[in-house]
Each structure stands twice: as C-alpha cells, then as structure tokens.
Amino acid sequence: MNNQLTNTLESLLDFQPISTESIHLSLDKIDQAIQISNQIPNESRQWETYLNSLALFGFEEWLEQRDTDLTINSDDSSIFNPIISNSITAVCHLNVNQFQVCLITTGSFIDEEISIPRAVVDLPEFSHHLYVVMEVQEELETVVIYGFISYADLIRYKTQVNLLPDEDWTYQIPLTCFDTEIDNLLLYFRCLDLSETTLPDVQTNSQNLAVAKPEITKLLPQLSTQNLWEFITWEQGKILLTNYELLKWIYDWQWQKLIESENIPDNLVEIAENQENSLNYLKKYLPDLLNILTEPTINVGRWLRNELDNFANQLSWVLLPELPELSPMRGTYSPTEEIQAIIRELPENGADIPAHARGAYQDLLLGGIPLRLYALTWSLVSDSTPEWMLLLVLSAPIGMSLPEGIKLRISDTTGILVEQKLNYDEDDFYLFAHVVGGLNEKFIATVFLTPEIQETLPPFGFYPES
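Reference entry: report on the structure contained in this document. What you see is a predicted model; the values in this text were computed from it and never measured. (Residues numbered from 1 in each chain as written. Predicted model: local features only at pLDDT ≥ 70, side-chain atom pairs only at ≥ 80, totals over all residues. Heavy atoms only, no water.)

**Considerations on helix H7 (residues 183-191)**
Burial of H7 is extensive: seven of the nine residues sit out of reach of the surface. Inspection of H7 places Asp183, Asn184, Leu185, Leu186, Leu187, Tyr188 and Phe189 among the buried residues, and these make up the whole buried set. (Buried < 20%, exposed > 50% of the residue type's maximum accessible area, 1.4 Å probe, protein only. Helix = DSSP H or I, 4+ residues; strand = E, 2+ residues; numbered from the N terminus.)

Quick look at the structure:
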C-alpha cells in the first residue's frame, strides 16, 4: 500500500536516515514496569501491561536520545492509569509535540500481521494521530521500534479492504501497511502541522447508556476477571469503554472478585489489601452510578436565585423562603417551621448552615408511608477552589414518625459517600446527611425502606448560571 504519510514527509525535508538500534532498558524501568503490571487483576492483562510499560519506557528513551527538542508527556498515558490498562491492551494517550501517539506492543517475534485493539481504531475517545509498533525483547531487556502508521492511513486501509474485527475485539493489520523507516517518525513530530492531522470528534454516549442501562445493571454483577470481549458484545463494550466511571467500577469489581476468591498471587497481596470495596457494596452502588450518568439533573444552583428549574417543578419540589425569613416555631408546624426547627438542632450534630443557603422540599410516598425530603444547598470556597454543599434531611409529616430502620444514602461518581440509618435507641426523629463537591460534581440520593422498597431521586447538580 502506498504510504501517503511517507510521501508527504519526503517532500518536507531531505533527511538522511539513521539506522534504528535497540533501546536497552534499565533495571529500575523493568522494576517500575513490574509494579505497574501488578495493579491489574487478570494475569494475561498483567503480562500485556508489563510489555506495554517496557515499550513506553523504551520509546521515551529513544525519543530523548534522538531529539532533545521534542516535548514528551506521558503523564496522561494509559500505562499510569490501571483503569484504562485493565480494558485496553495498548499504550494510549502518549503526547509527543502535541501529537497523540498510541504504542502497539508485540513480543520478540514479529508476525506478518500486527494485532491492534479495536477500541483504538473505532472509538474517537482512543483515536491517535500515530500508531507505533514496538517489539519488546523482554528476555534481552530491550525494545525495538518497528514501524508506524497514521490514523488517516489506518482508516483508509480498513475502508478499502472492508477489514473486519476478530472476536477478541482486535484488527489484524499487515506489516506492509506500516512505515518501517523510523526516522520518518521524527520528521513527523518536527515538521508536520498538527492542524492538518484531524481526529474524529468525541460524541456523548449518555443516550446509548440510558437505553442499555437495564441490561448493564443486570450484566455487570455477573462479570468475573475475564476480558470484556469474552463476556459482552461489542455494542455493549463501546458504551463501557467510553465511560470512565463504568470502567472504574469494572476495575474495582474485578479486583474484588480476585480478592474474594482467595486466590491472590503473592505479588498482588499488598495491592489486594488496599482494596476496600466489597462485592455487595459495588453491586449496591452500581444503580446509583448508572442513574447519575443517565438521569436528568435537578439544578439546585438556581435555588440561590430563588428559582426552581422546570425539572424540579415537574417533580413537585417546593422552594423554601430564605433562611432569615423562616417563621419562628409555633404550635402547628408548616414545612418551613419544621425545617427551621431541624436547622436549629443541626449545629449540635456537626452541620453549620450559613444564612445564604437556600432549600426546597419534596413529599414522597414510600411503601405507603408519607415522607418529606428537604434539600439545602450553598456555595463555598475551599483552598481557593469553588465547591458546593448539599444537605439532605429526611423526615415524616407532622404528627408521624419515620419507620425504624429507614436509610438515607448519598452517592456520586466515585462511590457511596454516606449512608444514614434511623435508630430509635438514639432518639433520632429525622435523618440528615451532607456532602461537598466541585462545581462539576453531582450527587444522587436513595431513600431505603427494605431491599424491595426504595426510591432513588434524580441527581442533584449545582449550576447557578444555568
């Protein structure tokens, strides 16, 4: 196949090629690669991650030896993010002179075809300007840069031959498609204009995730430590691979599967001891996570402007007066008087509410039991970082009591943050919980009566200007 990239490079500069040599790996880099691979729960993916780590270190060393003017940034590389490495067996998101580079690793024997993960070809989130084939000679402690291909040429070949993926979510690309004159790669970094090498735009997949949510909720708790392609379809895989929070859930789940099987290799014991999430916890958390990612959001930030958004109006939320205007307690409580009474008690329980906080409430019916959920919010600054606070209070209508054992849970995209349970032994007549998040964070609350009777509210977000 004619390599359009090579022809372009030859026209840019008359460059005298230099023969490519093997890059020797230092012992500390080998040790670092071992530590990186130990963060992966599946043995086969551990080995792949180990080879990918060696490939990255060798590639960085080669670039530094050949051209000290190149800007290399591997901080965002998937090698240093086990959540990505656990699912995609390539070195993604390596940045060289602002070009996105993907390293494809082979063992010490180069076949006539190179296996490339489908994700780095078909998913815009993992598309790269360049794909570089690295031969890792692990026993010799060396790596060799074999060849490279641009995204444009890769897609052109795939289209021309109607290339189909294998069942393990890989494409087999002939070696003849790769430019093996490695010095052309340096020319690419030095001379080509980044604006002329476009990549596909990333599209939001929240709608696809919303449609697939029921099957994902059912499927993921059945996952063990196997590869995703062994367990789900590519259509399902696309949704998971393009959603970082779900990949993190899978990573945590597979670690817990390994831990609870009590079949942990000796070199992974220390990592396993740092894992805190049980399978039951992760299974309970999964619906919260999926709801945060797919459900419409209540914008509590507008409460600061004395407004309810349309979605909150549709759900029958009622905006409360400003705190200084709340009526003093009288014999018959209204919702404003009830929350005022509760607010007076909260500082004793560690919750101080500023005067500029605003709130609203919604009446719920859970298992035939009437409940009332108050939500208060306010902005704050922590270490010069804008944040917001959400305080939830669960109570019963005046003259009634909360049922014993009722729970209030709040989660975000990192996990379950707090779960409060009513305990009559402690004379609790309401439940409250408060959480702090950045301006782009959302929280979701669940009122839990029994495993069969519970209600999850839509997520709360804080967007005062929207």
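Text resumes after the structure shown.
**Overview of the sheet that holds strand E14 (residues 407-412)**
One open sheet holds the four strands; their spatial order is E15-E14-E17-E18, and the pairing between them is antiparallel. Among the strands making up the open sheet, the edge pair consists of strand E15 (415-421) and strand E18 (454-456). Each strand axis lies, on average, 15° off the axis of its neighbour in the sheet, ignoring direction. Note: E14 against E15, six bridges, orientation antiparallel. Looking at E15, one finds that Ser411 is bridged to Ile416. (Pairing = 2+ DSSP bridges. Axes fitted to C-alpha atoms, helices over the stretch in contact; angles between N-to-C directions.)

**Some details on the side chain of Ser53**
If you trace the backbone, Ser53 turns up in helix H3 (residues 43-66). Here the side chain of Ser53 touches Thr49 through a polar contact of 2.8 Å, landing on its backbone oxygen. (Polar contact = N/O pair within 3.5 Å; in protein donor to acceptor, adjacent residues only side chain to side chain.)

**Here we look at the packing of aromatic side chains**
Centre distance and the angle of the planes are the two values used to describe a pair of aromatic rings. All told, the structure shown has 13 aromatic pairs when counted by the stated rule. Ring centres 5.1 Å apart and planes at 75° place the aromatic pair Trp169 and Trp234 in the edge-to-face group. With Trp169 in the loop between helix H6 (151-160) and strand E8 (170-174) and Trp234 in helix H9 (residues 234-241), the pair connects residues that are 65 residues apart, well separated along the chain. Ring geometry for Trp303 against Trp317: centres 5.9 Å apart, planes inclined by 40°, an arrangement best described as tilted. Taken together, the residues span a long stretch of sequence, with Trp303 in the loop between strand E9 (298-299) and helix H13 (310-314) and Trp317 in the loop between H13 and strand E10 (318-319) at a distance of 14 residues. Comparing Trp303 with Trp317, the two get one shared label, buried. The ring of Phe57 has Lys29 lying over it, and the distance from NZ or CZ to the ring centre is 4.8 Å. (Phe/Tyr/Trp six-rings, centres within 6.5 Å; stacked < 30°, edge-to-face > 60°. Lys NZ or Arg CZ within 6 Å of the ring centre and 35° of its normal.)

**Section: the nonpolar core**
Looking at soluble globular proteins, one finds that nonpolar side chains tend to be buried together. Core analysis: the biggest nonpolar cluster contains 56 residues, and Ile88, Ile116, Val120, Ile173, Leu241 and Trp249 have the highest contact counts within it. Take this core: its biggest share by element is nine residues, from helix H10 (residues 244-260). Setting aside residues no more than four positions away along its own chain, Ile173 makes contact with Glu112, Glu113, Ile114, Ile116, Leu154, Tyr157, Leu163 and Phe178. In terms of nonpolar packing, the next biggest core, distinct from the first, is built from 35 residues, Ile36, Leu56, Leu70 and Ile145 among them. (Core = buried A, V, L, I, M, F, W, Y, C linked by side-chain atoms within 4.5 Å. Contact = heavy atoms within 4.5 Å.)

**Examining the layout of surface pockets**
Each pocket or cavity is described by its volume, and for the largest pocket that value is around 680 Å³. Along the wall of the largest pocket there are 30 residues; nearest its centre are Glu48, Thr89, Ser115, Pro117 and Thr170. Every element with two or more residues in the lining of the largest pocket is listed here: H3, strand E4 (99-106), strand E5 (113-117), E8 and H9. Counted by class, the lining of the largest pocket contains 12 nonpolar, 12 polar and six charged residues. (1 Å grid on protein atoms, 1.4 Å probe; cavity = no way out; pocket = protein on both sides within 12 Å on 5 of 7 lines; lining within 4 Å. Points joined across faces, edges and corners; volume = space filled by probe spheres on them. Nonpolar A, V, L, I, M, F, W, Y, C, P; charged D, E, K, R; others polar.)

**Things to note about unusual backbone geometry**
Phi is positive for Asn162, close to 55°, though the residue is something other than glycine. With respect to the secondary-structure elements, Asn162 resides in the loop between H6 and E8. Of note, the phi angle at Asn306 is positive, near 60°, even though the residue is not glycine. Structurally, the position occupied by Asn306 is in the loop between E9 and H13.

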